[in-house]
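# Structural overview for review
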Amino acid sequence: MCLHSEDSIPLPLTLKGLKARFSYVRMKYLFFSWLVVFVGSWIIYVQYSTYTELCRGKDCKKIICDKYKTGVIDGPACNSLCVTETLYFGKCLSTKPNNQMYLGIWDNLPGVVKCQMEQTLHLDFGTELEPRKEIVLFDKPTRGTTVQKFKEMVYSLFKAKLGDQGNLSELVNLILTVADGDKDGQVSLGEAKSAWALLQLNEFLLMVILQDKEHTPKLMGFCGDLYVMESVEYTSLYGISLPWVIELFIPSGFRRSMDQLFTPSWPRKAKIAIGLLEFVEDVFHGPYGNFLMCDTSAKNLGYNDKYDLKMVDMRKIVPETNLKELIKDRHCESDLDCVYGTDCRTSCDQSTMKCTAEVIQPNLAKACQLLKDYLLRGAPSEIREELEKQLYSCIALKVTANQMEMEHSLILNNLKTLLWKKISYTNDS
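Note that the structure is a prediction, hence the values are computed from the model and not measured. (Residues numbered from 1 in each chain as written. Predicted model: local features only at pLDDT ≥ 70, side-chain atom pairs only at ≥ 80, totals over all residues. Heavy atoms only, no water.)

The subject of this paragraph is the sheet that holds strand β5 (residues 226-230). Reading across from one edge, β1-β2-β3-β5-β4 is the order of the five strands in this open sheet, with antiparallel pairing throughout. Each end of this open sheet is capped by a strand with a single partner; those strands are β1 (87-92) and β4 (219-223). Going from strand to strand, the sheet's axes swing by 30° on average, the running direction of each strand aside. Inspection of the sheet shows strand β2 (residues 99-106) paired to strand β3 (residues 109-116) by eight bridges, in the antiparallel sense. Its bridge partner lying in β3, Asn-99 is registered against Gln-116. (Pairing = 2+ DSSP bridges. Helix = DSSP H or I, 4+ residues; strand = E, 2+ residues; numbered from the N terminus. Axes fitted to C-alpha atoms, helices over the stretch in contact; angles between N-to-C directions.)

Structure below.
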């Protein structure tokens, strides 16, 4: 049987077609491979550039050690950092170039090293509240300043930050004890310069004020305005730590779901939550006034291997008096202009176009907002309804409410009691 001519396919034409198709497919894959390599390289370059901008530990150490070696500053961490080099920086944790933060080792003890980098000559509510650096670094107190004069300087600073309170003299004496890094009973000029620079930082001040409280990290030492604080085993309220390259490709919604999955068991979460409620008590009308938590995100809270809450970052916890004085006359168009950090909000007075001084939400309401999903997920069925009710009552708290302080104490105590009652007979308590 013969094939008609139109049914036959010339072999050379078939090979040519296959070769053309193969060439097209190869070029297509080469193009996409090149595109992936280009985009990947660009992402890595941008992230590396960001990393080198954020992580400036060598610059920080050089500035501090130059000042120490010329006798300008002094402190218990100076010799270890600059001479024996037994204090060194490890993993970079910085999120802003002017706030350097590293995991560190000091004489075989783990810690967190924090160092400020850039001069801040004015207040910017979009960045930092603290007018930390002055025109000349470590220029106060000047040579010839007496201890009494230094005490007066510190007292005036506290009066501006914390308000006119009767016990500020006690805090001044406490600061002098901390400033005496070598414990020789005297505060040298270098130690005084270091202490003065550190007192501009709200986190350092809060660590000194709450040094005996369980949930405040301990101050290990300082040199100039670099300080070392106690490290925390788990540095976020929940979630897992992933390499930054992987983080880039994870959608935010999926990341939140992952965070909820990778949490401790519910009784342990309850214990951590109780710790946060206790910390709220510590800063609410504490021994030297009220402090406001202006960023209650999970990344600022951690816990140890016993599931006791430990604060990781307290730089956005600010004295209420200080914040009120600085925000009350700020120009505004709407309430959105009257915000510090992410959580300290006042309202905009439309008649004067100025921010009011009164913060809308108390610390407890912001803490409960953070804890709502954290505690309700996996909560025992027998307390879930009551827990949800109490959390929503807590979130609804307003500073301007009548008898707010009484309501604040009642809600806080009820929450703690409910959680403790449920976990008091477990191994996690």
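Still to come is the rest of the account.
Low-pLDDT stretches of the model should not have their predicted coordinates read in fine detail. Mean pLDDT over the protein works out to 83, with 77% of the residues at or above the 70 mark. For the stretch residues 1-6, pLDDT sits under 50, and the model shows zero contacts to residues farther than four places along the chain or on other chains. Segment residues 42-51: pLDDT under 50, and six contacts once partners within four positions in sequence are set aside and those in other chains are kept. (pLDDT = per-residue confidence, 0-100. Contact = heavy atoms within 4.5 Å.)

Attention now moves to the pairing of β4. Where β4 lies against β5, four bridges are found, and the strand directions are antiparallel. Bridge pairing links Phe-222 to Tyr-227 in β5. Linking β4 back to β5 in an antiparallel pair, the connection comprises two residues, with Gly-224 at a positive phi of about 65°.

Counting through the fold element by element, Leu-415 comes out in helix α14 (residues 404-423). Distance in space between the C-alpha atoms of Leu-415 and Ile-274 is 8.2 Å, their sequence separation being 141 residues. Setting aside its immediate chain neighbours within four residues, Leu-415 contacts Leu-277, Cys-368, Leu-387, Gln-390, Leu-391 and Cys-394.

Moving on: the packing of helix α12 (residues 363-376) against helix α13 (residues 381-395). At their nearest, the axes of α12 and α13 sit 8 Å apart, and the two run at 155° to each other. Judged by the inter-axis angle, α12 sits roughly antiparallel to α13. Crossing of α12 over α13 shows left-handed handedness. Along its contact with α12, which presents Leu-364, Ala-365, Cys-368, Gln-369, Lys-372, Leu-375 and Leu-376, the element α13 presents Arg-384, Leu-387, Glu-388, Leu-391, Tyr-392, Cys-394 and Ile-395. Classifying every residue of the contact of α12 with α13 by side-chain character gives 10 nonpolar, one polar and three charged. (Parallel < 35°, antiparallel > 145°, perpendicular 65-115°, else oblique. Left-handed = near helix turned anticlockwise from the far one by under 90°. Nonpolar A, V, L, I, M, F, W, Y, C, P; charged D, E, K, R; others polar.)

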